[in-house]
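Survey of secondary and tertiary structure
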Amino acid sequence: MSIALIGLKALVGGFVVVGFSLIGQAGHPKRFAGLFSAAPSVALASLAMTVVARGTDATLAYAQGMLIGSAGMVAYCLVSLVLIDRLHALVGSILAWLAWLAVAGGVYLAVGK
Amino acid sequence: MARLARRRWGRLPGRGQVALDGRQLLDDDLESVGFDWSKLRNASPPELLIRFVFGGGIALIAAVAGSVFGPRFGGLFLAFPAVLPATLTLIEKKEGTTKAWADASGGVLGAIGLAAFAFTAIQLLRANPVVALALALLAWLLVSGGLYFLFRETGLFLRQDKLLTTR
């Protein structure tokens, strides 16, 4: 993969994340707005560019990895709820990354490799 | 976990005691659903820059990881919660911990929608990539939105609140 494509993915990914976060910021009530915190912003940008640059086979593999990652994302959000209640948002939401790592990493090692 | 954290770090940034406001959560579930675009006037450029950097950063990590270790490994990071800590911390700072909790509880449903996005894309990519990604986005919207209204209307949010909170 060329450095230009990697840079373009990062740039477009950043813009799409900002776009979805603005939609979330305008949304109410807060739980509804929270849906947009877990929007497929990076995925949409990245998969679209992978289709154009590398074709459907590579994109399919990225999407398969993403499906595993999304199991980690569900675990992350559930654990972050428990930890925010006990440790506040900053510490709780960062510590919850361990839940993503455990679930996404575990499922990847078990069935994704 | 909380006891362990307190023992190791002493006083936490949040003084180790968070009190969620159940009334605020109930009010949240009674508020009408929609978008107030005038709120975007309050969007501060530094906050948007933080989200851009974290979002762009994880897209970069996914691309590099995919290039080095294979696309399936890189794909894991397309569903990594890179921006959520920044988002939740900013919400807590501005509107309090209960609102940050409410945002994260919506995030759980958005994350389930994320799995629907990936599943739809996997099923349809070979047939037509453009249609596949458009329908995958629609799947995310329908699943996460549908679950939101199900949880809201049946009181499942409140049950979840009771189950996961300590107080």
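Quick caveat, the model's predicted, so the values are computed rather than measured.

Okay, the overall build of chain A next. Regarding its fold elements, chain A presents 5 helices and 1 strand. Of the regular secondary structure in chain A, the N- to C-terminal order runs α-β-α-α-α-α. In chain A, buried positions account for 67% of the 113 residues. Look at the contacts in chain A between residues 6 or more apart in sequence, and 51% of them connect residues 24 or more apart.

As a further point, take the interface of chain A and chain B. Across the boundary between the two partners, chain A contributes 75 residues, which contact 85 residues of chain B. Listing elements by their share of the side of chain A that touches chain B, those giving two or more residues are α1 (3–26), β1 (27–28), α2 (30–35), α3 (41–87), α4 (89–95) and α5 (97–112) of chain A. With 38 residues, the top contributor of residues to the side of chain A that touches chain B is α3(A). Residue classes in the side of chain A that touches chain B are distributed as 49 nonpolar, 21 polar and 5 charged. Sheet topology places β1(A) next to strand β1 (residues 34–35) of chain B; 2 bridges connect them, and they run antiparallel. The residue bridging A:H28 from the neighbouring strand is B:G34, located in β1(B).

Moving on: the packing of α1(A) against α3(A). Residues and elements named next belong to chain A. With their axes 8 Å apart at the nearest point, α1 and α3 run at an angle of 145° to one another. Crossing hand, α1 versus α3: right-handed. Side by side, α1 and α3 meet where L5, L8, K9, V12, G13, V16, V17 and F20 of the first sit next to S41, V42, L44, A45, S46, M49 and A53 of the second. Classifying every residue of the contact of α1 with α3 gives 11 nonpolar, 3 polar and 1 charged.

Here the focus is the domain arrangement of chain B. According to the domain assignment, chain B contains domain 1 (43–82) and domain 2 (96–167). For domain 1 of chain B and domain 2 of chain B, the distance between their C-alpha centres works out to 20 Å.

Bringing the packing of α3(A) against α5(A) into the picture now. All names here are of chain A. Axis separation between α3 and α5 bottoms out at 7 Å; the angle between their running directions is 150°. When the axis of α3 is compared with that of α5, the two are roughly antiparallel. Crossing of α3 against α5: the hand is right-handed. Residues G65, I68, G69, A71, G72, M73, A75, Y76 and V79 of α3 touch α5, and the partners they reach there are W97, A99, W100, V103, A104, V107, Y108 and G112. Here the residues of the contact of α3 with α5 are counted per class, giving 13 nonpolar, 4 polar and no charged.

On to the confidence of the model for chain B. In low-pLDDT segments, the atomic positions of the prediction should not be examined closely. Residues and elements named next belong to chain B. With 87% of its residues at a pLDDT of 70 or more, chain B has an overall mean of 86. Overall, residues 1–16 carries pLDDT values under 50, and its contacts beyond four positions in sequence, including any with other chains, amount to 17 contacts. Two summary scores accompany this predicted model of the complex, namely pTM at 0.88 and ipTM at 0.94.

Residue and element names in this part refer to chain A. Tracing the backbone shows T50 in helix α3. We classify T50 as buried; it has 29 C-beta atoms within 10 Å. Separated by 44 residues in sequence, T50 and I6 place their C-alpha atoms 9.9 Å apart. The residues touching T50, leaving out its near neighbours within four places in the chain, are A58, T59 and Y62.

A few words on helix α5 (residues 84–95) of chain B. The first and last C-alpha atoms of α5(B) sit 16 Å apart over 12 residues, in line with the 16 Å expected at 1.5 Å per residue. With 9 of 12 residues buried, α5(B) is to be regarded as a mostly interior element. Looking at the packing, one finds that the buried side of α5(B) touches α1, α3 and α4 of chain A together with α3 (45–69) and α6 (97–124) of chain B. The positive-phi residue at the C-terminal boundary of α5(B) is B:G96, with phi of around 105°.

Turning next to unusual backbone geometry. Residues and elements named next belong to chain A. Look at the link from H28 to P29: it is a cis peptide, with omega at -5°. Following the sequence through the fold, P29 ends up in the loop between β1 and α2. Look at H88: it is not a glycine, yet its phi comes out positive at around 75°. Secondary-structure assignment places H88 in the loop between α3 and α4. Judged by the 22 C-beta atoms lying within 10 Å of it, H88 is buried.

The rules behind the values
- Residues numbered from 1 in each chain as written.
- Chains lettered and ligands numbered in written order.
- Predicted model: local features only at pLDDT ≥ 70, side-chain atom pairs only at ≥ 80, totals over all residues.
- Helix = DSSP H or I, 4+ residues; strand = E, 2+ residues; numbered from the N terminus.
- Buried ≥ 20, exposed ≤ 12 C-beta atoms within 10 Å, placed from the backbone.
- Contact = placed C-beta atoms within 7 Å.
- Nonpolar A, V, L, I, M, F, W, Y, C, P; charged D, E, K, R; others polar.
- Pairing = 2+ DSSP bridges.
- Axes fitted to C-alpha atoms, helices over the stretch in contact; angles between N-to-C directions.
- Left-handed = near helix turned anticlockwise from the far one by under 90°.
- Domains from an automatic or database assignment.
- Parallel < 35°, antiparallel > 145°, perpendicular 65-115°, else oblique.
- pLDDT = per-residue confidence, 0-100.
- Expected span 1.5 Å × (residues − 1).

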